[in-house]
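# Topology and contacts: notes
For reference, the chains in residue letters:
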Amino acid sequence: MAISTERLRSGALRCGFLLSSISLSSEKPLVGDGFPRRILSTRGRTSTPRRGPHTPSAHPPSPLSSNGDGLIAPTSVSGGRRPPASTPTAMATTTASNLALLLPSTLHSRVRLPTRLLRAPRASPLRLSTAAASSGSRTLTSPASSEAPEAAEELRLETESALEWGGVCARLADFAATAAGRAACAEGRVPVGRSREESERLLEQTAAAVALLSSLTPLDFGGVGDVSAVVAAAARGRLLAVREICGVGRSLRAARGVFEQLNGLAEEMPDRRYSPLVDILQDCDFLTELVQMIEFCLDSNLSMVLDQASDKLGTIRKERRMNIDVLESLLRDASTKIFQAGGVDSPLVTKRRSRMCVGVKASHKHLVPGGIVLSSSGSGATYFMEPRDAVQLNNTEVKLAGDERAEELAVLGLLTSRIADSRLKIRHLMGKILELDLACARGSYALQINGVRPAFSDRDNSTRLDPSSACSVFIEGIQHPLLLEQFRGIVKESDAEVGNGQLSDEVCVSAMPVPLDMRVKNDTRIVVISGPNTGGKTATMKTLGLASLMSKAGMFFPAKGRPRLPWFDQVLADIGDHQSLENSLSTFSGNISRLRKIVQVVSKDSLVLIDEIGSGTDPSEGVSLSTSILKYLASRLNLAIVTTHYADLSRLKSVDDRFENAAMEFCLETLKPTYRILWGSTGNSNALSIAKSIGFDQKILDRAQEWVEKLLPDKQKERQGLLYDSLRDERNLLESQANEAASVLSDVEGLYNEILSEADDLGSRVAALRAIESQKVQQELKFVKTQMDLIIKNFEVQLQNSKLEQYNSAMRKAEAATASLAAAHQPTEFTFSDDENKSSYVPKIGDKVYVEGLGGGSTATVVEILSEDGSCIVQYGKIKARTKNNKMKLAQRDAKETSASSVQRKGRTVKRSPAEATQGASISFAPAVQTSKNTVDLRGLRVAEASHELQMAIDGCRSYQVLFVVHGMGTGAVKECALGILRSHPRVAKIEDESPLNYGCTVAYIE
């Protein structure tokens, strides 16, 4: 895949490159890993092409010009300089001498390029700034920018500053994986949806990123670099260095790796949950051919052009290696002779002025006849001379070095032209990678703050089934993300100080931000928030504004449930004091100037936030002006949030349905705000209470209170107090009911999940029981076969040793043994009383009955009697079933069984609890459903430990509950101990022995 010289030269000319001259300069002696020493170490080895995509063998790459020196021609015998040698490549390109080669003065790579090159003129600053502006990412824009672009842009920037949007972007930068992503977040260039559809697409990307990161499989953006400056430089006509071209190739390959990783994860998920992320890179061109060309021509580790890049370059480097081997051999022999003649302390072969030479004492200059003095030491005692036989070899080295450099520049020129031609595709691909990185950053940030996905609401789509649809803004428990992050940072620092033992008593940790509930009805356009100073009015307004910006940008915010809010095309805020002495603006003038701009650019889908409207002037005029402004805005925007201390603005709700009131709660007992918002209420400023809490003079406060009472209408204070108390009581009642309902729901969900897990495990348990039963049957058959073989063997022995008259006796004994063995292994049979049958049996709770259809002679226990239809609930193991009285029979019980609570079974007796015989039908126990809360596991414990655990479990069990005691099979010691405690404990009403479906577990009914 070598590149021909014509293609290389064509690529160089397309980019406007011409090697004008290769200058010569004086250099110091070669030390360390210099070029001649490295070449000397490879002498005697066969040179083979470096391994590439199409070559089967490889050889260690050789640093062709690691010293970075420009080459010079040898001087004459008298020490004069020779004219610089012209390279064939330079001679071949003299027709394009009007073109210039632009290279960086310093390249941090193993292969350095000549520095004495003509610099091409740069693009004009105006063109560069225009290009930079066109490549900028999307930001918050205003639809009214065509009418007042300057005012809209100014308001946008001031609103983002007031809402601290830059702080959110800075937090997002911590989660970006690429340098371009971090730079975009740090500069506030986070993409914001310019339409509702774009914002919903961003939210879908964030949701997919959250699902991806929740599975602990983050995308690997390693290797993706910011190549925008490199691509722009190539487009302007600058020759790119090796490391810059390798950086482009590495970024393109890494981008393809990200897509392949994401596509592989998406194929593993049949629900297409990652499809929004896959769609970002779906139609991108990853420029595979360009990446392969770069990797074929360049070595990114050594930052050098490979021999296989072109046929001519490989030939030149091969000739150069052969020439340098001969030159070094010649100089090494000459230096050895000089050393043997006493002309130098040790053999020395070095390089001076880019030419190979030997060191010799000044007094022994005659040992190098016809040599050229290239340089001398600082003291002048040592000359560095080029032997006469080495002149031609050095000239050849200079020529080959120039040819090699020209060929390398041609390769770099071709690759640079390819990058310049593909600049649009590269920028598009890197833009998509940036979009994917920001989506993953939004997902990580959402997980960090426990954010939830918001939904955009429609005022006209309200339904009765969803009460929240009646509100355009319905957000529960929202917290300001920056305050939440600040609180978590303080807590982490405090925890670290506690761990180090450095936390003092004076350290005070801020309280968790109070969650806010925001509910704005569909027909509301203006919300007037009143309340005390420092009560949280401005913070509430900022929280809603920041949530609107985050939802537009596809970001989740910390809240509960599924928040809903409208999509706002622009968020306009008038927050803070805009006083300016430089612009001759007072506090009132600054606020009015901002309101004038807001009125000018506002639209039907805008959100307006105004803090302390109409303040800073006469109250009567301020109220009048504020009322007029709000009524004007009510018909020209989507929603406006206004804070005020004017009571007259709160009364607008009574005359205009588009207005709504809200108040910040203030606790009169502690004289402190609670930072909770009360919708539909009007709050007081509580200035006197706040002044008292900060230690103001009480005499002044008493006098102020007298004036307040004179100014307030009669009974107004009492009415407000009663209204406030009633609203607070109602809210407390609703909160307690909601908490109780949530607790009940949590318990029901937990019980449902446990029952569901038990039901899911029922199939495997049945299969296990069947396997156990089958194993027991096999063991029993094996035992019976052994016994039968023994009977037959004994019978045969008796036949052989007995007389004829003893034959009948031996036969009867064998038949009796056979019958006894068969009877011992017959299925269990229960006999039923004659006086209790299908028609006359009256069940009682605790009776052991045989149910038709249960099979196997198994018994069930009556746990509940249903008198309305003559049926009852029976339990067989953990299974409960409803059956009629005529479908079951009572198992036979005699006097001994009733008193001792035992059931006789041929040759075996199973003990039952005495309490079981006296259990009345009037007691109703909880359902016998096993959960983690009503189960005590004694397996693996010693007898004493098991006894203690069981006693504690019985004592802690509530009345009329069911306790499942898991004692296992084992040796039986723990089981006997558990059964003894259950039979003798006064709280145990009855017990149920282990059943075929529940081996190793006894059920106890606790009184």
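Structure: above.
The present account deals with the structure reproduced in this document.

Rules behind the numbers
Residues numbered from 1 in each chain as written. Predicted model: local features only at pLDDT ≥ 70, side-chain atom pairs only at ≥ 80, totals over all residues. Heavy atoms only, no water. Helix = DSSP H or I, 4+ residues; strand = E, 2+ residues; numbered from the N terminus. Buried < 20%, exposed > 50% of the residue type's maximum accessible area, 1.4 Å probe, protein only. Contact = heavy atoms within 4.5 Å. Areas by Shrake-Rupley, 256 points an atom, 1.4 Å probe, with all protein chains shown as cover. Pairing = 2+ DSSP bridges. Axes fitted to C-alpha atoms, helices over the stretch in contact; angles between N-to-C directions. Parallel < 35°, antiparallel > 145°, perpendicular 65-115°, else oblique. Left-handed = near helix turned anticlockwise from the far one by under 90°. Nonpolar A, V, L, I, M, F, W, Y, C, P; charged D, E, K, R; others polar.

### Observations concerning the overall build of the chain
Counting its secondary structure elements, the chain contains 28 helices and 29 strands. Counting only residues that meet the buried cut, the chain has 43% of its 1007 residues in that class. Pairs at least 24 apart in sequence give 71% of the contacts found in the chain among residues at least 6 apart. Accessible surface, the chain: about 52800 Å² in total, of which carbon and sulfur atoms supply 53%.

### Considerations on the sheet that holds strand E23 (residues 888–890)
Read from one edge of the open sheet, five strands run E22-E21-E20-E19-E23, paired in antiparallel fashion. Each of the sheet's edge strands pairs with one partner strand only, and the pair in question is strand E22 (879–884) and E23. Looking at each pair of strands side by side, their axes are set apart by 45° on average, direction ignored. As paired strands, strand E19 (residues 848–851) and E23 are joined by three bridges and run antiparallel to one another. Residue pairing across strands places Val849 opposite Leu890, the latter belonging to E23.

### As for the packing of helix H13 (residues 311–340) against helix H14 (residues 391–421)
Between H13 and H14, the shortest axis-to-axis distance is 9 Å and the interhelical angle comes to 155°. Taken together, the axis directions place H13 and H14 in an arrangement best described as roughly antiparallel. Of the two possible hands of crossing, H13 and H14 adopt the one that is left-handed. Contacts from Lys312, Leu313, Ile316, Arg317, Glu319, Arg320, Asn323, Ile324, Val326, Leu327 and Leu330 in H13 reach Leu393, Asn394, Thr396, Glu397, Leu400, Ala401, Asp403, Glu404, Glu407 and Glu408 in H14. Looking at the contact of H13 with H14, its residues break down into nine nonpolar, three polar and nine charged.

### Section: the pairing of strand E4 (residues 355–361)
Counting buried positions along E4 yields six of seven residues, so the element is predominantly enclosed. Two strands pair when backbone bridges link them, and strand E3 (residues 349–352) and E4 are joined in this way by four bridges, in the antiparallel orientation. Residue pairing across strands places Thr350 opposite Cys357, the latter belonging to E4. Adjacent in sequence and paired antiparallel, E3 and E4 are bridged by two residues, among which Arg353 carries a positive phi angle near 55°. As paired strands, E4 and strand E6 (residues 382–386) are joined by four bridges and run antiparallel to one another. Looking at the pairing, Lys361 lines up with Thr382 of E6.

### Examining the environment of Arg182
Residue placement: Arg182 occurs in helix H7 (residues 179–186). Note on Arg182: relative accessible area 38%, which makes it partly exposed. Here the alpha-carbon distance between Arg182 and Asp437, two residues 255 residues apart in the chain, equals 9.4 Å. Once you skip the residues sitting within four places of it in the chain, Arg182 turns out to touch Ala173, Ala176 and Ala177.

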